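# Descriptive analysis of the structure
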Amino acid sequence: LGRALSCTPRPACLQRSGSLELGGGCRAPVRVRVLVINTGGTIGMVEEKEGLAPEANKLVKALKKMPMLHDEVYAKETKLYDFHRFPDNTLVLPLSEQNKRIVYTILELSPLLDSSNMTTDDWAKIARNIEKYYEQYDGFVILHGTDTMAYTASALSFMCENLGKTIVLTGSQVPIYELRNDGRANLLGALLIAGQFVIPEVCLYFYHKLYRGNRVTKVDAGSFNAFSSPNLSPLANAEVDITINWETVWRANTTKKFKVHTNMNRNVGLLRIFPGINAATVKAFLHAPMEGIVLETYGTGNAPNNREDLLEELRKATERKVVILNCTQCLRGSVAAVYATGQTLTAVGVIPGGDMTPEAALAKLSYTLSKSHLSWEEKKEMLSENLRGEMTVVPTGAKISLTDSKFIQVIAKSLSVSCKEELEAIRDALIPSLACAAAKTGDIDALKAIGEMGGNLSCEDYDGRTPLHIASSEGNLQLVEYLLKYGATVYAKDMFGATPLKYAVKFRHVEVIQLLRETGAHLSSQELENIGTELCSLAANGDVEGLYAWHLAGASLEQAGYDGRTPLQIAEATGHVELLDFLNQLKIKMVMETFLE
Ligand code: ASN
């Protein structure tokens with residue numbers, strides 16, 4: 001019998017390695033979807049009579065011929081283009097080292113632009129597309145020209161409120177169609193980051209580095225290494241491994257849903273001080289309709305304090321409620337109250353802009369001044385706050401350092417390590433298990449301590465599960481709320497591709513489902529695929545509670561199971577009164593909603 005069993009043939013479908021892909025042990029790869037919004041830029045440019053210019057409808061065709069950016073065999077085997085499963089212009093990367101399949105769809109904006117032609121309207125167009133497709137994709141890549149990429153990245157960082165997903169801007173210095181180019185590597189790196197990591201920021205990826213978008217500036221017109229983030233180290237380095245500096249990642253710390261703010265104020269500008277600048281020029285620049293300017297000053301924020309004519313123009317402007325934000329002309333460093341020449345500016349009402357780049361400061365002004373419900377004082381206060389990690393805020397109270405942690409110290413001692421790097425390595429190895437264990441027992445104090453020693457509360461354990469996955473499975477509402485307020489992401493997927501919301505549904509924790517939904521959580525396309533049969537099985541068992549949980553999580557209960565019947569048809573067949581009542585009420589509600597729309 002033993003021999004007979006060992007000879008039992010494997011079902012044919014499990015013998016192929018193609019579409020079922022049992023790589024990485026026996027685990028099917030997690031499929032993720034990325035939306036690429038192509039706005040133009042050198043990456044897709046061709047040489048024309050007048051010089052390089054973007055060409056429409058060319059990029060997808062070219063990418064389909066590049067094996068590193070498109071796996072045609074997989075696309076054919078899985079019938080990627082059939083059954084309208086994915087929109088046209090959908091491509092797929094070869095399987096990643098982390099056993100992920102990144103399926104990406106390219107949305108080409110029209111017209112494609114050299115980024116020098118970009119305006120506030122174009123930022124709004126990009127933002128609206130992100131909002132429109134936010135739930136359908138796991139991450140976003142924006143192809144953009146390098147010339148004004150730092151401006152767009154800064155603007156989008158403010159326009160995207162309560163962001164929970166990764167947005168990566170990238171482009172290139174040489175078109176992707178040329179033999180030697182940086183476009184292929186930049187696009188691949190951006191896709192891998194947007195598809196595999198939840199870094200809830202507007203980022204910029206260029207030449208092996210991921211930066212915070214509102215910290216960068218273009219520093220080189222002729223190098224592949226075109227960007228610099230002078231006042232903040234990169235969020236990630238893509239060398240042999242992709243290393244994310246999780247401690248640097250900015251998190252929204254909110255239970256509010258993602259939305260975009262597109263109505264930016266256009267009456268803003270940049271004014272660079274230079275020796276001998278004319279007061280009449282300053283006066284003209286500050287004239288209505290100007291509402292806010294970034295004043296680019298010398299060194300630590302200094303301007304002449306022996307020029308009464310100039311100071312008088314600045315004073316008159318601030319009295320008229322024109323907001324003036326002080327940023328340094330230096331590439332690195334911050335505005336600080338060091339010199340008398342700097343203090344004079346504060347005296348005439350100029351607001352210190354810390355270590356913000358002029359690009360970020362301009363975007364912040366444009367964003368803040370468009371908040372029409374705020375008073376002038378509130379707007380000025382908002383400008384001094386760190387809204388999206390755009391400036392460095394020196395911590396006030398004592399900060400608990402890694403070496404202050406007794407727990408880590410005891411372990412470090414028993415392992416005889418003392419240097420910072422080794423301490424960090426121990427912390428990073430221990431924290432996921434500790435944090436998940438604390439989440440399991442609902443120990444908020446332990447999680448607080450972990451957070452204070454620099455631990456990332458979105459860390460993943462060996463199964464890819466985060467403390468939020470565990471708190472959601474346990475139905476611990478207070479803990480879920482705590483984690484969300486400390487930047488935990490609702491979009492993390494474990495090794496089965498499941499989100500915290502999926503676990504809350506599985507264990508029917510209604511209040512947790514509601515809170516996660518409020519924060520913008522939704523079931524992923526992979527989680528929604530083929531749920532008809534599961535819903536029908538719940539219906540067959542008369543499981544109203546189970547169906548209600550799915551409904552709350554945003555699943556449509558009208559989906560048919562494998563035999564083509566919907567949960568309602570099954571309820572009718574079994575005659576379960578309570579279930580019929582629930583499904584009928586839901587149907588009436590949906591009809592009413594469609595009618596009211
Ligand atoms: N002029 C181009 C642009 O910004 C420069 C580039 O993308 N490298 O669109």
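As a reminder, the structure under discussion sits directly above these lines.
Residues numbered from 1 in each chain as written. Predicted model: local features only at pLDDT ≥ 70, side-chain atom pairs only at ≥ 80, totals over all residues. Heavy atoms only, no water.

### Considerations on the sheet that holds strand E14 (residues 242-244)
If you walk across this open sheet you meet the nine strands as E4-E5-E1-E6-E8-E9-E10-E13-E14, and the pairing is mixed. Of all the strands in the sheet, the pair left with one neighbour each is strand E4 (90-92) and E14. Ignoring which end each strand starts from, the neighbouring axes of this sheet average 25 degrees apart. In this structure, strand E1 (residues 30-40) lies alongside strand E6 (residues 139-143), joined through five bridges in parallel fashion. Paired with Asn38 across the two strands is Leu143, which belongs to E6. Strands E1, strand E5 (100-113), E6 and strand E8 (166-170) of the sheet are contacted by helix H5 (residues 120-133), whose axis makes an angle of about 145 degrees with E5. (Pairing = 2+ DSSP bridges. Helix = DSSP H or I, 4+ residues; strand = E, 2+ residues; numbered from the N terminus. Axes fitted to C-alpha atoms, helices over the stretch in contact; angles between N-to-C directions. Contact = heavy atoms within 4.5 Å.)

### Section: a negative patch on the surface
A cluster of acidic residues, Glu47, Glu48, Glu50, Glu55 and Glu178, forms a negative patch on the protein surface. Mapping Glu47 onto the fold places it in strand E2 (residues 45-48). (Patch = residues over 30% accessible without salt bridge, like charges linked within 9 Å, V, L, I, M, F, W, Y side chains within 5 Å. Areas by Shrake-Rupley, 256 points an atom, 1.4 Å probe, with all protein chains shown as cover. Salt bridge = Lys/Arg side-chain N within 4 Å of Asp/Glu carboxyl O. Lys, Arg positive; Asp, Glu negative; His and termini not counted. Charge placed at Lys NZ, Arg CZ, Asp CG, Glu CD.)

### Some remarks on the site of the ligand
Gly41, Thr42, Met45, Asp114, Ser115, Gly145, Thr146, Asp147, Ser172 and Gln173 make up every residue found near the ligand. Contact distances for the ligand include 2.8 Å between a nitrogen atom and a side-chain N or O atom of Asp147. Here a nitrogen atom of the ligand sits 2.9 Å away from a polar atom, N or O, in the main chain of Ser172. When isolated, the ligand has an accessible area of 270 Å², and the protein chains bury 91% of it. Residue composition of the shell around the ligand, by class: one nonpolar, seven polar and two charged. (Near = heavy atom within 4 Å. Polar contact = N/O pair within 3.5 Å; in protein donor to acceptor, adjacent residues only side chain to side chain. Nonpolar A, V, L, I, M, F, W, Y, C, P; charged D, E, K, R; others polar.)

### Comments concerning the pattern of salt bridges
For the structure on display, the rule yields 22 salt bridges. The closest approach of N and O atoms between Asp355 and Arg215, which form a salt bridge, is 3.3 Å. With Asp355 in the loop between strand E19 (351-352) and helix H11 (358-368) and Arg215 in the loop between strand E10 (209-212) and strand E11 (217-218), this residue pair connects regions lying 140 residues apart in the sequence. The class of Arg215 is buried, set by a relative accessible area of 3%. The salt bridge involving Glu313 is made with Lys316; its shortest N-O contact spans 3.7 Å. With Glu313 and Lys316 both in helix H9 (residues 308-319) and three residues apart, the pair spans about one turn of that helix. Within the structure, one salt-bridge network assembled from shared partners comprises Glu161, Lys259 and Lys371. (Buried < 20%, exposed > 50% of the residue type's maximum accessible area, 1.4 Å probe, protein only.)

### Observations concerning the side chain of Ser472
Examined against the element boundaries, Ser472 turns out to sit in helix H16 (residues 467-474). A relative accessible area of 0% places Ser472 in the buried class. Residues in contact with Ser472, not counting those within four places in the same chain, are Val480, Pro500, Tyr503, Ala504, His509, Val512 and Leu516.

### Some remarks on empty space enclosed by the protein
Applying the stated criterion to the full structure yields three cavities of 30 Å³ or more. If you add up the space inside the largest cavity, you get close to 150 Å³. Along its surface, the largest cavity is lined by 16 residues, and Leu163, Gly164, Thr254, Ala488 and Thr519 are the ones closest to its centre. Split into classes, the residues belonging to the lining of the largest cavity amount to eight nonpolar, seven polar and one charged. The computed volume of the second largest cavity comes to approximately 50 Å³. Forming the boundary of the second largest cavity are Thr39, Leu109, Pro111, Leu113, Met118, Asp122, Lys125 and Ile126. When residues of the lining of the second largest cavity are traced back to their parent elements, those giving at least two are E5 and H5. (1 Å grid on protein atoms, 1.4 Å probe; cavity = no way out; pocket = protein on both sides within 12 Å on 5 of 7 lines; lining within 4 Å. Points joined across faces, edges and corners; volume = space filled by probe spheres on them.)

### Some details on the nonpolar core
For soluble globular proteins, nonpolar side chains are generally found buried alongside one another. With 91 residues, the main nonpolar core has Ile130, Leu483, Leu516 and Trp550 as its most contacted residues. At seven residues, the largest contribution of residues to this core is made by helix H6 (residues 149-159). Sequence-distant contacts of Leu516, that is, excluding residues within four places in its chain, are made with Leu468, Ser472, Val480, Leu484, Val490, Pro500, Leu501, Ala504 and Ala521. Residues Val30, Val60, Val168 and Ile176 belong to the second largest nonpolar core, which totals 36 residues. (Core = buried A, V, L, I, M, F, W, Y, C linked by side-chain atoms within 4.5 Å.)

### With respect to helix H22 (residues 544-552)
Two residues of an α-helix separated by three or four positions point the same way, owing to the 3.6 residues in each turn. Among the residues of H22, those classed as buried are Val544, Gly546, Leu547, Ala549, Trp550 and Leu552. Among the residues trailing H22, Gly554 stands out with phi positive, at a value near 100 degrees.

### Brief notes about unusual backbone geometry
The linkage connecting Ser110 with the following residue, Pro111, adopts the cis geometry, with an omega of -5 degrees. Within the secondary structure layout, Pro111 lies in strand E5. Put simply, Ala288 and Pro289 share a cis peptide bond, and its omega is 10 degrees. Mapped onto the fold, Pro289 is located in the loop between helix H8 (279-286) and strand E17 (292-297). In this structure, Arg508 takes a positive phi of about 55 degrees despite not being glycine. Within the secondary structure, Arg508 is located in the loop between helix H18 (500-506) and helix H19 (510-518). On the basis of relative accessible area, Arg508 is assigned to the partly exposed category, the value being 26%.

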